[in-house]
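# Structure assessment
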Amino acid sequence: MYSKIYRSVIFPLAEFSQGTHILKTLELLEDSQWRTPDEIRAFQESRLRELIQHSYTNVPYYRSTFDRLGLKPADINSVEDLQKLPVLTKDIIRREFPDNITAQDTPRKRLTLCHSGGSTGEPLPYYQDRQAISWRFACLFRFWRWAGYELGKRWIRLDLIAHDTPAQKMMDALGRCKFFRLSRMNQDTLRLGVEKIRKYKPQLIRGYASQVFLLAKYLKDNHITDIEPASIITTGDMLFPHYRQLIEEQFHCAVFDNYGGNSIVISSQCEWGTHHIAAENIVLEFVKDDRPVKPAEAGTVLVTDLSNYGMPFIRFRIGDLARPSQEKCKCGRGLPVMSSVVGRDTDIVVTPDGNYLVAYFFGHIFESMMSVDQFQVVQEAEDEIEVKIVKNNKFSNQDARYIEDAIRQGAGERLKIRLNFVKDIPVPRSGKIRLVISEIGKRHFAPAEQD
Ligand SMILES: [Zn+2]
């Protein structure tokens, strides 16, 4: 009942006051997802051409980039043509923000200022216009419907930062969102979280994969079996296979992994577990050394947001590595498909022998070790990694040898492995737990700056 009123009365009123058109866009997306890949592609490219024309006419940074390269908007007609343009890096945004990279035909007061902490904690300011916000939430809500969630039903959101402004609280109340801040995760906060979920009986739980995993672990350790949401959506950080397994076992429901960044909604799993790209609203490229990757090869993710005319993101390097996929999904949607994200480029250790060790590799080593509570791998030099370990009283010398041997197998002979036993692992400013932090990986995978 509330769900109906919510969709027909409350939400439209909120939209009217905010100047968005989320529900209208959602309707469009509900239909377009069933179109053929060619139809979706044609729609996407017509939006791309409009965005390019607008950016050239109204955004100084893009105008000067086109001029410098001797390009005109008419030279960018297709997704392939985007390769003629340089990558947009976070450094370029910081350098050109705000005047050169926002549209001169959009009054600043029509734009919403956002900040992303990013995985490395360096803040990145950017603007979103109303159209971008409308498409963003429409894309998001379409993905939630895949997970079986209808607007207006109860849900719980786990986050790291507080939702404490009156406007946020009002939106949460209207949207029937119980907000739960889990920036510190220990037995006390996890117990509170579980109590909250038990009392509120949400249809959906949404949070960072690592948070939901730790909640699942708490349920298991405490033999709690009565928490049963209809579905769980993970977002923000890596959903490792062992995370998914424990979460699905303990919550007795399916996990839908969502992927996005910098307020751009990129992909979600459908009922069949396939990661579909929201291609009506973004163009996603996977590149390596300035060339598109071969099928199934991992590449740097570049995203073009087709809606944000206030501050266009064209070929934005989001900092993740992922693989494209040619797979046709059984669900019948015409939306393109990608494999899951391999990791952030800063999440990959590059060894002197040229081996790549992704976060999964380490996750796999540690997942079965009952004697390690937490770990983190840090690579600051090319020939050495530091493995921070929070051990418990079950830890033995044999375990230390096992860790070194297991890492050695993937790393090769020339990497020094230094185990460092610590009391705890500090939470970075972005708040996300990260298994691997590698400056070397970041440098290795960064494309050459194109200024
Ligand atoms: Zn599908």
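Reference entry: report on the structure contained in this document. (Residues numbered from 1 in each chain as written. Predicted model: local features only at pLDDT ≥ 70, side-chain atom pairs only at ≥ 80, totals over all residues. Heavy atoms only, no water.)

## Brief notes about the nonpolar core
Core analysis: the largest hydrophobic core is formed by 97 residues, its most contacted members being I247, F251 and I407. By residue number, the principal contributor to this core is helix 9 (residues 209–221), which donates 7 residues. Two domains share this core, each providing at least three of its residues, namely domain 1 (1–342) and domain 2 (348–445). Ignoring sequence-local partners within four residues, the contact set of I247 consists of A209, V212, F213, A216, I232, L239, H252 and V255. Counting residues in hydrophobic clusters, the runner-up holds 31 residues, among them L26, F143, V265 and A279. (Core = buried A, V, L, I, M, F, W, Y, C linked by side-chain atoms within 4.5 Å. Buried < 20%, exposed > 50% of the residue type's maximum accessible area, 1.4 Å probe, protein only. Helix = DSSP H or I, 4+ residues; strand = E, 2+ residues; numbered from the N terminus. Domains from an automatic or database assignment. Contact = heavy atoms within 4.5 Å.)

## Some words on the sheet that holds strand 20 (residues 436–438)
A sheet is described by the order of its strands in space; here 4 strands give the open sequence 19-18-17-20, paired in mixed fashion. Each end of this open sheet is capped by a strand with a single partner; those strands are strand 19 (416–421) and strand 20. The mean angle between the axes of side-by-side strands here comes to 15°, regardless of whether they run parallel or antiparallel. For strand 18 (residues 384–391) and strand 19, the ladder comprises 6 bridges, and the chain directions are parallel. Opposite E386, over in strand 19, you have R418 as the bridge partner. Lying over the sheet, helix 12 (residues 397–411) contacts strand 18 and strand 19, oriented at roughly 145° with respect to strand 19. (Pairing = 2+ DSSP bridges. Axes fitted to C-alpha atoms, helices over the stretch in contact; angles between N-to-C directions.)

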